[in-house]
There are 2 protein chains.
Amino acid sequence: MEILEERIRKDGVVKEGNVLKVDSFLNHQMDVQLFHEMGLEWKELFKDKPINKILTIEASGIGIACVVAECFNVPVVFAKKAASINLDGEMYTSKVESFTKKRVFDIIVSKKFLSPDDHILIIDDFLANGCAVMGLIDLINAAGATVEGVGIAIEKGFQQGGRMIREKGIQLESLAIVEGMNAETGEIVFRH
Amino acid sequence: MEILEERIRKDGVVKEGNVLKVDSFLNHQMDVQLFHEMGLEWKELFKDKPINKILTIEASGIGIACVVAECFNVPVVFAKKAASINLDGEMYTSKVESFTKKRVFDIIVSKKFLSPDDHILIIDDFLANGCAVMGLIDLINAAGATVEGVGIAIEKGFQQGGRMIREKGIQLESLAIVEGMNAETGEIVFRH
C-alpha cells in the first residue's frame, strides 16, 4: 500500500536488531486517518469474505482494529494479555511469546464473544515471528469459528510469521512488507 | 446520553462489589458504531475547545479514543502501562492504582508526543476513583500541554473521581453517570 510505505519511509526509524520504530503514527501516537485508509484497502481485499467480527490483541492492535471495523460495519473483540477480576466466566486461552517484551504470556477471550457462527478477520499492527497471530488463530479454532483472513499493517518479510500463516492456506494481507532494513543508513526495502 | 444508558440497561450486568460489566459492547467486545455516536456527542460538547490531540490509556480506552478521534480529525496518543524495549528516548511517567487489577503501575508517554503546543482531550471508558485520569493529567502537565477536557463513557457517580476532576475546573463530560446499582435486582440508577 503506497501511502503506508511512504509514511514508513518518512517517519519510521530503523534501529539495531531489526527494530522498526513507527511509534509516531502506528502504535503509540496513532494517525486514525491513515487507519481509515487501511480499512478501506482491507475492505476491498477481503470483499468476498463474509466477515462478521474483527479480532485483535491488546494493546496496539486495538486502535487499528476499531477504525477498520467501522469500514466493515462489524464489532471488534480484543484478546487480553492477562487475567483480570472483571473477566469472569469461561475463557478461551492460548500462549504467546512477545518479541519486544521478551516473555511468554497468556492471551484470553471470553467464550461469550467467539462462537461457531463467527467469521473472523484478524487485525494487528505488526507481523514478525507470527506468535501473536498464531495465538489468535488458536482461540478462533477453539471456539469453532472461521478464520476468514489476517490483515497486518507491517510484515517483517525476513521473519517466519508470514510464511507460516500463508502455508496454512489463510488469506494474509500485509499492507507493507519489509524485506530488509539497514540501521546505519536508515534504508528500508519493501517487497512488491 | 440516551442510547448509551439504554445499552447499559440492556446489556450491562451488575455484580457484587459495585462492578458493572459492559464487556459485550464497551471494553472487551466493542461496538464501534456506538463509539462513533459517542464521538459525535463529545464533538458537540467540546465544540468550543481547540483540541488537537486525544490522550487515553491502554488497553480498553484505545478503541473508543481512535473512533472518537476520527470525529475530531486529530491523532491519538495512548499512555502505556509498562516499559518496553521499543520505547526508547525520554518519557513522561506517573503512577496509577488499578481498581480492577488491585495493583499500582507506571504509565508512560514518550516526550515526543506531548508538547506545550498540545490541547488535549482525555478519553477513557470508565471513571471511578479517578486514578487513571489523574495520572494522565500529570503527564499533560509535565509536558506543559493544556487539558481541554475529559470525556468518559461511564462514570461511577458514587465514587470520587468525577468530583476530583470537576473541582480542578476541568470540563468533564461523562456520557452516562451511574448513581447506584443493585447486584440482586440488576437495577441501575443514572444521574440526570
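Our subject is the structure that appears above.
Residues numbered from 1 in each chain as written. Chains lettered and ligands numbered in written order. Predicted model: local features only at pLDDT ≥ 70, side-chain atom pairs only at ≥ 80, totals over all residues. Heavy atoms only, no water.

Broken down by element type, chain A carries five helices and 11 strands. Across its three principal axes, chain A shows a C-alpha extent of roughly 50 × 35 × 30 Å. Classification of the 192 residues of chain A by burial places 57% in the buried group. For chain A, long-range pairs separated by at least 24 residues make up 61% of all intrachain contacts whose partners lie at least 6 apart in sequence. For chain A, the exposed surface amounts to about 7,900 Å²; the carbon and sulfur share of it is 47%. Side chains of chain A give 22 positive and 29 negative charges; the mean places of these two sets differ by 5 Å. (Helix = DSSP H or I, 4+ residues; strand = E, 2+ residues; numbered from the N terminus. Buried < 20%, exposed > 50% of the residue type's maximum accessible area, 1.4 Å probe, protein only. Contact = heavy atoms within 4.5 Å. Areas by Shrake-Rupley, 256 points an atom, 1.4 Å probe, with all protein chains shown as cover. Lys, Arg positive; Asp, Glu negative; His and termini not counted. Charge placed at Lys NZ, Arg CZ, Asp CG, Glu CD.)

Right, let's talk about the relation of the copies chain B and chain A for a bit. Rotating chain B by 180° about the axis while translating it 0.0 Å along that axis superimposes it on chain A, leaving an RMSD of 0.0 Å. Both copies of the chain, as the preceding transformation shows, are related through a two-fold rotation axis. (Least-squares fit on C-alpha atoms with pLDDT ≥ 70 in both.)

Our next topic: the interface of chain B and chain A. Counting from both sides, the interface comprises 42 residues of chain B and, opposite them, 42 residues of chain A. Across the interface of chain B and chain A, roughly 3,700 Å² is buried in total on both sides, 56% from carbon and sulfur atoms. Inspection of the region where chain B meets chain A yields two salt bridges. Note that B:Asp23 and A:Lys112 form a salt bridge whose closest N and O atoms lie 3.3 Å from each other. On the surface where chain B and chain A come into contact, there are 12 residue pairs in polar contact (both at pLDDT 80 or more). Those elements that provide at least two residues to the side of chain B that touches chain A are β2 (19–21), β3 (29–30), α2 (32–45), α3 (60–72), β5 (76–79) and β7 (103–110) of chain B. Considering each element in turn, the side of chain B that touches chain A owes the most residues, seven residues, to α3(B). Taken together, the residues of the side of chain B that touches chain A break down into 18 nonpolar, 13 polar and 11 charged. (Buried area = accessible area lost by both parts, 1.4 Å probe. Salt bridge = Lys/Arg side-chain N within 4 Å of Asp/Glu carboxyl O. Polar contact = N/O pair within 3.5 Å; in protein donor to acceptor, adjacent residues only side chain to side chain. Nonpolar A, V, L, I, M, F, W, Y, C, P; charged D, E, K, R; others polar.)

Here the focus is unusual backbone geometry. For residues besides glycine, phi is generally negative; the peptide bonds are generally trans as well. Note the cis peptide between A:Glu58 and A:Ala59, where omega equals 0°. Locating A:Ala59 in the fold gives a position in the loop between β4 (53–57) and α3 (60–72). In the Ramachandran plot, A:Asn18 falls in the positive-phi region, its phi being about 60° despite a non-glycine side chain. The class for A:Asn18 is partly exposed, based on a relative accessible area of 34%. Notably, B:Asn73 is not glycine yet its phi reads approximately 60°, a positive angle. One can find B:Asn73 in the loop between α3 and β5. B:Asn73 sits in the exposed class, given a relative accessible area of 54%.

Turning to helix α1 (residues 2–11) of chain B, a few remarks are in order. Residues and elements named next belong to chain B. Residues of α1 that are buried: Leu4, Glu5 and Ile8. In an axial view of α1, the angular spread of the buried residues amounts to 100°, which keeps them on one side of the axis. Among the exposed residues of α1, those pointing more than 90 degrees away from its buried face are Glu2 and Lys10. In the core, the buried residues of α1 are packed alongside β2, α2, β9 (146–156), β10 (172–181) and β11 (188–190). (Arc of directions from axis to C-beta.)

Okay, the sheet that holds β11(B) next. With respect to topology, seven strands assemble into an open sheet ordered β3(A)-β5(B)-β4(B)-β8(B)-β9(B)-β10(B)-β11(B), the strand pairing being mixed. Because the sheet does not close on itself, it has two edges, and the strands there are β3 (29–30) of chain A together with β11 of chain B. Where helix α4 (residues 131–142) of chain B meets the sheet, it contacts β4 (53–57), β5, β8 (119–127) and β9 of chain B, and its direction lies at approximately 165° from that of β8(B). (Pairing = 2+ DSSP bridges. Axes fitted to C-alpha atoms, helices over the stretch in contact; angles between N-to-C directions.)

Remark: α3(A) packs on α3(B), axes separated minimally by 8 Å, with the N-to-C direction vectors making an angle of 50°. Here α3(A) is positioned oblique relative to α3(B), judged by the angle of their axes. The crossing of α3(A) and α3(B) is right-handed. Every residue of α3(B) that contacts α3(A) at A:Ile62, A:Gly63, A:Cys66, A:Val67 and A:Glu70 is listed here: B:Ile62, B:Gly63, B:Cys66, B:Val67 and B:Glu70. (Parallel < 35°, antiparallel > 145°, perpendicular 65-115°, else oblique. Left-handed = near helix turned anticlockwise from the far one by under 90°.)

Further remarks concern helix α4 (residues 131–142) of chain A. Taking 1.5 Å as the rise per residue, α4(A) with 12 residues should run 16 Å; its terminal C-alpha atoms sit 16 Å apart, in good agreement. The set of residues buried in α4(A) consists of A:Val133, A:Met134, A:Gly135, A:Leu136, A:Ile137, A:Leu139 and A:Ile140. (Expected span 1.5 Å × (residues − 1).)

On to the packing of α3(A) against α2(B). As a packed pair, α3(A) and α2(B) sit with axes 9 Å apart at the nearest point and diverge in direction by 100°. Regarding the angle of α3(A) to α2(B), the classification is roughly perpendicular. Facing α3(A), whose interface residues are A:Cys66, A:Ala69 and A:Glu70, α2(B) presents B:Val32, B:Gln33 and B:His36. Its residues placed into classes, the contact of α3(A) with α2(B) shows three nonpolar, two polar and one charged.

Oppositely charged side chains may form a pair once their charged atoms are brought near each other. Residues and elements named next belong to chain A. The tally for this structure, following the rule as stated, stands at 24 salt bridges over all chains. Across the pair Glu90 and Lys111 runs a salt bridge, and its minimum N-O distance is 3.1 Å. Residue Glu90 is found in the loop between β5 (76–79) and β6 (91–98), and its partner Lys111 is found in the loop between β7 (103–110) and β8 (119–127); the two are separated by 21 residues along the sequence. Judged by its relative accessible area of 57%, Glu90 is exposed. Each of Arg7, Lys10, Asp11 and Asp31 takes part in salt bridges that share partners, so that together they form one network.

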